[in-house]
Amino acid sequence: MKLKLVDIFKSASGKICHDSEFYAATRNGKTYSGRLCHPAKREKSAAQKAATDKFAKVQKIVSTILKSGPGNDAYDEYTLAYKSNPAAAETLHGFIFRKEYEKL
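Our subject in this report is the structure included herewith. Since this is a predicted model, take the numbers as computed values, not measurements. (Residues numbered from 1 in each chain as written. Predicted model: local features only at pLDDT ≥ 70, side-chain atom pairs only at ≥ 80, totals over all residues. Heavy atoms only, no water.)

### Comments concerning the sheet that holds strand E3 (residues 30-35)
Spatial ordering of the open sheet is given by E1-E2-E3, a layout of 3 strands whose pairing is antiparallel. Either end of the sheet is taken by a strand with one partner, and the two such strands are strand E1 (14-15) and E3. In this structure, E1 lies alongside strand E2 (residues 22-27), joined through 2 bridges in antiparallel fashion. Its bridge partner lying in E2, Lys15 is registered against Tyr23. (Pairing = 2+ DSSP bridges. Helix = DSSP H or I, 4+ residues; strand = E, 2+ residues; numbered from the N terminus.)

This is the structure we're talking about:
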């Protein structure tokens, strides 16, 4: 499938609808689409729940840091570190996420 976005649509993200297996995402100016081919139907194991919880916790921390913006000590430190080593991650979000994930 080829998707060309017109001016009214600059990006796409999320599921097509609540029950859909299809999703779209925009990263670094490129729009991607995909499908969950074999979604799990059984309950998550303890290890999977722990991993999901850790991911959610780190994502919440990263969102807080990014929303605080320039002037916040954590934001400024991560921005400086990211700019001095841009090969460490493609985005500032990814850089902060990796660093916070390593802390836990």
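Now that the structure is up, let's keep going.
### Overview of the side chain of Thr79
Looking at the element boundaries, Thr79 is found in helix H2 (residues 73-84). From its side chain, Thr79 meets the backbone oxygen of Tyr75 in a polar contact 2.7 Å long. (Polar contact = N/O pair within 3.5 Å; in protein donor to acceptor, adjacent residues only side chain to side chain.)

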